[in-house]
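For reference, the chains in residue letters:
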Amino acid sequence: MGGSHSRDGPDLSDSDKYTDEEEEDKQSQSEEEEYATPTRNPNPSPSASTPQSLDALDRKLKSLHLKYSNPISSPNPKSPNPNPSSPDAVKLYLHVGGSNPSARWVPSEKLTAFSFSRRGSSDEDDSDSSPNPNAPWCLVVGSKIRTPIGPALQLKSFPAQKRVDFVADGVWAIKFLHPQGYSFFFKQYQDCLFENTYGVEATQENRVKVYGKDFIGWAQPDAADDSIWEDAKESFGPNPAKKTPRSALSIESRELLEEFEEEAAAELGIQSLALGALDNSFLVGKAGIQVVKNFSHGVHGKGVAVKFSAPGSSNQNLFSTPKKALLMRAETNMLLMSPANEGKPHTTGVNQIDIETGRVVTQWKFEKDGADITMRDITNDSKGAQLDPSESTFLGLDDNRLCRWDMRDRHGIVQNLADSAADTPVLNWTQGHQFARGTNFQCFASTGDGSIVVGSIDGKIRLYSKSSMRMAKTAFPGLGSPITHVDVTYDGKWILGTTDTYLVLICTIFIDKDGKEKTGFGGRMGNRIAAPRLLKLTPLDSHLAGVNNKFRGGQFSWVTENGKQERHLVATVGKFSIIWNFEQVKKSNHECYLNQEGLKSCYCYKIIPKEESIVDSRFMHDKFAVTDSPEAPLVVATPMKVSSFSISSRRL
């Protein structure tokens, strides 16, 4: 089973057959009604001359009384006679047919107008009402589109076609009749998006306040120092000393082959993956753990399933909703974290499982200064720490806490196993900081040397050195969306943050005053900070991913050695597992970035579709990459199945 490439659907056509043939309109009418509320087709007025100069355009816009605080377009979008010579004149198309070969764009409104309005997202005719200054900006197109402006629109621009695509209860495309209209739309859209996101007007002063003077490149990507992207090194070849054509390195030139598909135990219900770098990996479910064997072409069942059992525990729902499984001590032990309350990620302790026996050997409790506390996430001390047979510490994260826990007694004696709830041992808080308030931590990850990256609900990403958890060395500003998951390369040079609607790739490299290369984990980066790259789905793919089409669990491929470079990125979106070529994303001259305005976004990826929502997608350890493949196998889990995919050298 192979994957499919990213797709935008067929190109829009301006030929008469799409706009003037009544037979075509009748044929597509039923399909249009399935996706949008029916409305009468506008009756275009006779053509008029288009303004041919900036002065003419300026006079035209002034005559329309365009103001930022009012609806940004003068024609009534429900007018039956939009002016075809107006800069805001557009054609509106709807995509029908999904992923079928017969899928196509059909005209929804042959001539209409766009505007940006504060009148809300109601379908009611409020053309006579006054704009609400506190309401979010909305995009209005003709009589069919009225939707709040935000990342959920998944708006993608096509400058050469004077076109933008977006998602709003279906996949739509706007075709601009005039170049000036496209430019005007894009600038105003960016301003409205900024104001909706941060609650302040989109002025240069406010952008500096939001991003900070050191991150002005995030507000003005065209002015950013992009030298780090331009200097991105080739790192995907199986033999670094051997030059390999770029086309042979890209995942788009290779075929994804499904090697194994395993059905999980009927009662398991897979909730997460715990991949091992040694002999075994583990499928963690509601009722227990299923052990699978690691091979060079993926994971394969061993026929072993371990049900959870906790000696002396009266809590039968102890493992009802496992949130996180963490392998430790050369992968002979596992820490299992379950939420204390349904619907909330926080937990008051972790359960240590001996994998060989399948029994809970210790139920640990989180405590600081004699008081019970909670954690929302745990992770290993470093990228390769799970391979250390003597590992006894791990990292913990809560809304306003970042710390390291030790499973040994502070006097050097390992604590006794718990026989009852009264004897529950307490983990030792060995290092960390409890912040007063406001950090709103959500997720974190560690580098190969133990440095820590933390993502927050406000979108900020903070970097902490391995020696101090009190103050971040670097804090990247948020782009308006909460960071739900974060990962970092082994060398700490690249960070991948996950939001609901996109991934954000950040480079941490900078040159200090002595000319030495460092990362943001080890010092302040100053003002030579490159703007990030965004990894997105096309509007069509986002819509086809299913109802639960949020990005989840964006991760790099897995290496645990200095000198090795991660090759791919993977994330889960609804029923899709999405793979990006890391080297390709880093290229400053990548074709996706040509003619883009604002933060550059990459839309080149490979899709692995499944019939049900995907639980997790992860690459196996780099040691399982074979000689004829540039990458270790990818493991994709749904609630009842786990599949393995390898990347072959055969061309598509």
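Residues numbered from 1 in each chain as written. Predicted model: local features only at pLDDT ≥ 70, side-chain atom pairs only at ≥ 80, totals over all residues. Heavy atoms only, no water.

**Some words on helix α5 (residues 204-211)**
So, step 1. Those residues of α5 that fall on the buried side of the exposure criterion are Asn206, Arg207 and Tyr211. Considered in projection along α5, the buried side chains sweep an arc of 120 degrees and stay on one side of the axis. In α5, those exposed residues whose orientation departs by more than 90 degrees from the buried face are Glu205 and Lys209.
So, step 2. Where α5 is buried, its residues meet α4 (179-198) and α6 (216-219). (Buried < 20%, exposed > 50% of the residue type's maximum accessible area, 1.4 Å probe, protein only. Helix = DSSP H or I, 4+ residues; strand = E, 2+ residues; numbered from the N terminus. Arc of directions from axis to C-beta. Contact = heavy atoms within 4.5 Å.)

**Quick notes on the environment of Asn581**
So, step 1. Tracing the backbone shows Asn581 in strand β36 (residues 576-581).
So, step 2. Along the sequence, Asn581 and Arg567 sit 14 residues apart, while their C-alpha atoms lie 6.5 Å from each other.
So, step 3. Reaching out from Asn581, the side chain makes a polar contact with the backbone nitrogen of Gln584 at a distance of 3.0 Å. (Polar contact = N/O pair within 3.5 Å; in protein donor to acceptor, adjacent residues only side chain to side chain.)

**Focus on the confidence of the model for the protein**
So, step 1. Looking at the protein as a whole, its pLDDT mean stands at 79, while 73% of the residues score no less than 70.
So, step 2. In the model, residues 233-253 has pLDDT below 50 throughout and makes 43 contacts with residues more than four positions away in sequence or in other chains. (pLDDT = per-residue confidence, 0-100.)

**Details of the packing of aromatic side chains**
So, step 1. Enumeration according to the criterion identifies 22 aromatic pairs in this entry.
So, step 2. Centroid distance Phe176 to Tyr182: 5.6 Å. Interplanar angle 80 degrees. Geometry classified as edge-to-face.
So, step 3. Seen in terms of ring centroids, Trp405 and Trp429 are 5.6 Å apart; in terms of plane orientation they differ by 85 degrees. Their pairing is edge-to-face. Note that Trp405 is positioned in strand β22 (residues 401-406) and Trp429 in strand β23 (residues 428-434), a separation of 24 residues in sequence.
So, step 4. Take Trp405: its relative accessible area is 0%, and that puts it in the buried class.
So, step 5. Among the aromatic residues, ring-to-ring pairing joins Phe114, Phe116, Phe176, Tyr182, Phe184, Phe185, Phe186 and Tyr189 into one connected group.
So, step 6. We note Arg207 situated over the ring of Phe194; from NZ or CZ to the ring centre the distance is 5.0 Å. (Phe/Tyr/Trp six-rings, centres within 6.5 Å; stacked < 30°, edge-to-face > 60°. Lys NZ or Arg CZ within 6 Å of the ring centre and 35° of its normal.)

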